[in-house]
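Here are the chains, one letter per residue:
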Amino acid sequence: MQVNPYIAQMPAGYLFSEIAARVSDYEGKNPGKSLIRMGIGDVTRPLSPSIAKAFSQAALDMGTEAGFKGYGPDGGYLFLREAIIRNDYQPRGIHLDPDEVFVSDGAKSDSSSIQELFSDDALIAVTDPVYPVYVDSNAMAGRLGVYENGRWSRLVTLKVTHDNHFVPQLPRERVDALYLCLPNNPTGTVLNRAQLKTIVDWARENETLIIYDAAYKAFISNDEIPSSIYEVEGAKEVAVECCSFSKTAGFTGTRCAYTVIPKEVKGRMPNGEKVSLNALWKRRTGSKFNGVSYPVQVAAAATYTEEGKKEIRETIDYYRANARVLLDAFSGTECDPVGGVHAPYVWLKTPKGMSGWDFFDFLLKTVQVVGTPGEGFGEGGNNCFRLTAFSTLEKTKEAAQRVKDAMSRL
Ligand code: PLP
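In this text the structure is predicted, and so the values were computed from the model without any measurement. (Residues numbered from 1 in each chain as written. Predicted model: local features only at pLDDT ≥ 70, side-chain atom pairs only at ≥ 80, totals over all residues. Heavy atoms only, no water.)

Engineer: It is not clear to me how the site of the ligand should be interpreted in this structure. Could you clarify?
Structural biologist: In the vicinity of the ligand there are 14 residues, among which Asn185, Tyr216, Ser244, Ser246 and Lys247 approach most closely. Asparagine 185 has a polar side-chain atom sitting 2.7 Å from an oxygen atom of the ligand. Interatomic distance of 2.8 Å between a side-chain N/O atom of arginine 255 and an oxygen atom of the ligand. When the free accessible area of the ligand is taken as 400 Å², the share hidden by the protein chains comes to 91%. If you list the elements that add at least two residues to the shell around the ligand, you get α5 (107–113) and α9 (246–249). (Near = heavy atom within 4 Å. Polar contact = N/O pair within 3.5 Å; in protein donor to acceptor, adjacent residues only side chain to side chain. Areas by Shrake-Rupley, 256 points an atom, 1.4 Å probe, with all protein chains shown as cover. Helix = DSSP H or I, 4+ residues; strand = E, 2+ residues; numbered from the N terminus.)

Engineer: Could you clarify how one ought to interpret the packing of aromatic side chains in this entry?
Structural biologist: The geometry of an aromatic ring pair comes down to the distance between the two centres and the angle between the two planes. Summed over all chains, the structure comprises 22 aromatic pairs. Each ring, one from tyrosine 216 and one from tyrosine 345, has its centre 5.2 Å from the other, and the planes form 70°; the classification is edge-to-face. Note that tyrosine 216 is positioned in the loop between β8 (209–213) and α8 (235–238) and tyrosine 345 in strand β14 (residues 345–349), a separation of 129 residues in sequence. Between tryptophan 357 and phenylalanine 360, the ring centres sit 5.2 Å apart and the planes meet at 75°, which makes this aromatic pair edge-to-face. You can see tryptophan 357 and its partner phenylalanine 360 sitting in helix α13 (residues 356–367), three residues apart, about one turn around the helix. Considered together, tryptophan 357 and phenylalanine 360 belong to a single accessibility category, that of buried residues. The rings of Tyr89, Tyr230, Phe245, Phe251, Tyr258 and Tyr304 are connected pair by pair, giving a single aromatic cluster. Over the face of the ring belonging to tryptophan 357 we find arginine 22, whose NZ or CZ atom lies 4.0 Å from the ring centre. Here the basic side chain of lysine 69 rests over the ring of tyrosine 294, its NZ or CZ set 4.7 Å away from the ring centre. (Phe/Tyr/Trp six-rings, centres within 6.5 Å; stacked < 30°, edge-to-face > 60°. Buried < 20%, exposed > 50% of the residue type's maximum accessible area, 1.4 Å probe, protein only. Lys NZ or Arg CZ within 6 Å of the ring centre and 35° of its normal.)

In structure tokens:
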């Protein structure tokens, strides 16, 4: 059997596997040390009571003749798709039909699978630093050329750094697809309506598809910042939007997400003929996916009840307070923290220009705090470091103090 050479030639391991390996090695050699994990973007608060109740009731219903469900619709039950539209889109003046919303098991799977709709030689652009999944999935499909000196030869990268205030400069060359993650992982930064409009206008002029990952939209804390790209005029022609219940409602272990593909979004066949991406995704999903389990979709729908919304708000506020602790701790230091206001991530410059991995090892060994090295998200993350607000308040405070103490010793 011939293997997929593109996977076989991928650089190193997935970022979080490398972090886990270093932490486990440290723990093995230093038993009993109390580690604080501020690295991986996993939530810590449990499912809220009304959501857990809906989840378990639906599971019990599955054990009855009347309530049993077999395979569901590939794109999700209508009750969930309608609840998504009614709550996440209609109040913002965005009209969507239920068959433009595809319920799935994760924004990770959707944002990595969407490239199956692209031609083999499609040219891809990502911001840098970037959530690694967009790059890896295109690399595995053989679309990114060769990896040399830390770069892919066929990948357009748009730097988002402290120097340009995290606003990407649009590429000169035409690209087929641009991945945007807002609020951003890893930097925690956002773009306002006008900045997003510039990108949408450019995408319309160039027939570039925008894959808009809004996994962190629940953290947006005012109306100045769009929570959906479709709030921007014209975006329905050029953007697909990936959303998730993971960070919104604590579903990282429960697994439920959705992707919106408006019927207006079109791509081209080699002969120039236009085709609907919605139709292609429907075709692809019908062959590759058998839907999300019924109890999980009932639990996801419960996030939209009055009780569910109130509980979720409390949880998000809890994480926001953690982010505030981190921002306050590092403001006025050479770390120049950003993010943390509309996102659960705070992005720091490393002290004394250390590399992200050196700072990672330094914090692990001296104060047992685990963060994420910026360069794990691409070259643009060099000399930066990400801390998450997903821990407990107590641990967040303790970690902030430990990191500050460690820095004072440098
Ligand atoms: N998109 C971004 C930008 C993320 O940071 C993450 C998780 O960290 C995901 C998607 C994954 O979402 P899900 O749990 O729905 O697969």
